[in-house]
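Understanding the architecture of this molecule
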Amino acid sequence: NAMAYVRGNRKDYDDWAAMGNPGWSYDEILPYFIKSEYNEQIRNAYHGNKGELNVTFSKKFGSPFAKAFIDSCEQYGIPRNDDYNGQNQTGAGRFQFTIKNAKRHSAADAFLKPILNRPNLTAITQAKVSQILLEKDKAVGVAFTKGNKTSQTVKANKEVIVSAGAFQSPQLLMMSGIGDVEELREHGIESKKELPGVGKNLQDHLFYAVSGLSKQQEGLNHSIPFMGQTKALLQYYFQKKGPFTIGPLEAVAFFDIYENNDPANFQFHFAPMHTGQGKDYNLYDLSTFPKEDGFSILPSLLHPKSRGYVTLSSADPNAAPVIQPNFLSDEEDVKQLLRGGRIAVEIIKQSSFAPYLKSLVEPLDTYPDDEFISHLKSTLETIYHPVGTCKMGNDEMAVVDAELRVHGLENLRVVDASIMPKIMTGNTNAPVYMIAEKAADMILNPQKIKEVAAIKLPS
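Below: a short report on this structure. Since this is a predicted model, take the numbers as computed values, not measurements.

**Quick notes on the packing of helix α8 (residues 331-348) against helix α9 (residues 369-379)**
Relative orientation of the contacting elements α8 and α9 amounts to 100°, with a least axis distance of 10 Å. Relative to α9, α8 is oriented roughly perpendicular. Two secondary-structure elements touch here, α8 through Val 334, Leu 337, Leu 338, Gly 341, Arg 342 and Val 345 and α9 through Asp 369, Phe 372, Ile 373, Leu 376 and Lys 377.

And the structure:
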């Protein structure tokens, strides 16, 4: 898990509001980012220092390659930005991470574990929800199984809140008879509420590597073989420093790929490591991972035009859903990734990288477009940011309204990444925390929503 803390930019949320979702403009959602955040270093109007979620720059590991990347971006024309979550997202800088005491600070660690002793909370683990129970267009509870036991039910006095993510939230709705009538009929599921948008509008981010070999062994590759891992583990265990205190990423850049001075719409992830080339490229096989250090700029498609879907594979709640992302089905997505890759090569060729760059690995700057595209297609990777499959809005394909209530049903909300009508400009973890904070106020304190909307924030 990269632990990247990225909110997106003002335009993302203003667009949500303009799509028919009042209350979701940037000025109205920023207080919810601030509410949950404890930022160790940054103190300004855009950040919080009282929240449960720890946010920090990496303090225990740093490669010289990350500084070279930021400096090279500046040389190319992407300005330095020490706080991409602040007033302006555009620019290159170090990543902000959800890390606390040199360890990943997860949602469970930040929000759930500290309050497990509350008398009004029962957490049932190793359980699988199979159905939302409906009576006359009203959610009244859920059915679930735990282990090999027969199905159990829990009744809801007030609401059922679905937070199963962009793949399983639509699956659960469809298993409960909420979705496209024809799709449900194929699996013998009775339609309880026709909502053809359930499972549609799937969006995700994509990236691939533009890599170089380094003259120095100061990255992460040499920490992956057995001896390197052992050394890094001892360093972490006894000193709480080194490569085990960070994920695979160090720095980031946001910019307008069309160079029109518009808000950021493209991203470079920077990693102090490389993943090999050609037939040797395998992001997940550590046994064949290159041992010579290097670095990678990962051109990242943030605003894909391609749309996919999630649907049922069967009426069995334990069966995985069908996930069809339709990656690169729109040619514009390929053009953006190609353009981003060409820019990444130019950044690696800047003089700030010269003391560290031994050679480009792949793709090479001499590649013609067709060879460059072949490389990106063969090494393309999802960034695991699926969103949009229970989208918020008021059009015929919307699943929830602006208060995250499922259209046409009482006492049922969806609160997770699936409600995003359009994917944001950056990693999706932080926006999900914001959605949860805002939903909590919607459910517990609707009056507070109006008060938050009235707060005037810096322009």
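**Brief notes about the environment of Lys 67**
Within the fold, Lys 67 resides in helix α3 (residues 64-76). Lys 67 sits 234 residues away from Leu 301 along the chain, and the two C-alpha atoms are 23 Å apart. Engagement of the side chain of Lys 67 in a polar contact is seen with the side chain of Asp 71, the distance being 2.7 Å.

**Examining the packing of aromatic side chains**
Within the structure shown, the criterion is met by 17 aromatic pairs. Judged by centre distance (5.3 Å) and plane angle (55°), the ring pair of Phe 65 and Phe 295 falls under tilted. Note that Phe 65 is positioned in helix α3 and Phe 295 in strand β16 (residues 294-301), a separation of 230 residues in sequence. Among the residues examined, Phe 65 registers a relative accessible area of 0% and is labelled buried.

**Looking at the pattern of salt bridges**
What the rule picks out here adds up to 21 salt bridges. For Lys 35, the salt bridge is made with Glu 437, and the minimal N-O distance between the two is 3.5 Å. Remark: Glu 437 occurs in helix α10 (residues 429-444) and Lys 35 occurs in helix α2 (residues 26-36); sequence separation between them is 402 residues. Judged by relative accessible area, which is 11%, Glu 437 ranks as buried. Here Arg 413 ties to Glu 159 by a salt bridge, and the two come within 2.7 Å at their closest N and O atoms.

**Re the sheet that holds strand β7 (residues 139-146)**
Where strands meet in a sheet, backbone hydrogen bonds hold them as pairs that are either parallel or antiparallel. On the basis of which strands lie adjacent, the open sheet formed by three strands has the order β6-β7-β8 and antiparallel pairing. One side of each edge strand has no neighbouring strand; the edge strands of this open sheet are β6 (127-134) and β8 (152-155). Taking the axes of each pair of neighbouring strands and ignoring which way they run, one obtains an average angle of 30° across the sheet. The pairing of β6 with β7 spans seven bridges and is classified as antiparallel. Looking at β7, one finds that Val 129 is bridged to Phe 144.

**Let's talk about unusual backbone geometry**
With omega at -5°, the peptide bond leading from Glu 362 into Pro 363 counts as cis. Turning to its location among the elements, Pro 363 is positioned in the loop between β19 (357-362) and α9. Phi at Gln 126 is positive, roughly 55°, even though this residue is not glycine. Looking at where Gln 126 falls in the secondary structure, it is placed in the loop between α4 (107-112) and β6. You can call Gln 126 exposed: its relative accessible area is 70%. A positive phi angle, close to 65°, is found at Leu 404, a residue other than glycine.

About the criteria used
- Starting from 1, residues in each chain are numbered consecutively following that chain's sequence as written.
- The predicted origin of the model limits local features to residues at a pLDDT of at least 70 and limits the giving and counting of side-chain atom pairs to 80 or more, whereas totals for whole chains, interfaces and linings rest on all residues.
- Heavy atoms throughout the structure, all of them, feed into the side-chain values; hydrogens and water do not.
- In this analysis, axes come from line fits to C-alpha atoms, helices being fitted only over the stretch in contact, and the angle between any two N-to-C directions falls in the range 0 to 180 degrees.
- Here a helix means four or more residues in a row that DSSP labels H or I, a strand means two or more in a row labelled E, and each is numbered from the N terminus.
- For classification, angles of less than 35 degrees are called roughly parallel, those exceeding 145 degrees roughly antiparallel, those between 65 and 115 degrees roughly perpendicular, and all remaining angles oblique.
- Contacts between residues were defined by any pair of non-hydrogen atoms, one from each residue, lying within 4.5 Å.
- In the analysis that follows, any N or O atom pair within 3.5 Å is treated as a polar contact, provided that within protein one partner can donate a hydrogen and the other can accept it, and provided that, for residues neighboring in sequence, both atoms belong to side chains.
- Between the rings of Phe, Tyr and Trp (Trp by its six-membered ring), a pair exists once the centres lie within 6.5 Å; its type follows the angle of the planes, with under 30 degrees stacked, over 60 edge-to-face, and the other angles tilted.
- The buried label goes to any residue with under 20% of its type's maximum accessible area, the exposed label to any with over 50%, and the partly exposed label to all in between, with areas taken from a 1.4 Å probe on protein chains only.
- We define a salt bridge as a side-chain nitrogen of Lys or Arg found within 4 Å of a carboxyl oxygen belonging to Asp or Glu.
- DSSP-based pairing: two strands are paired if at least 2 bridges between them are found.

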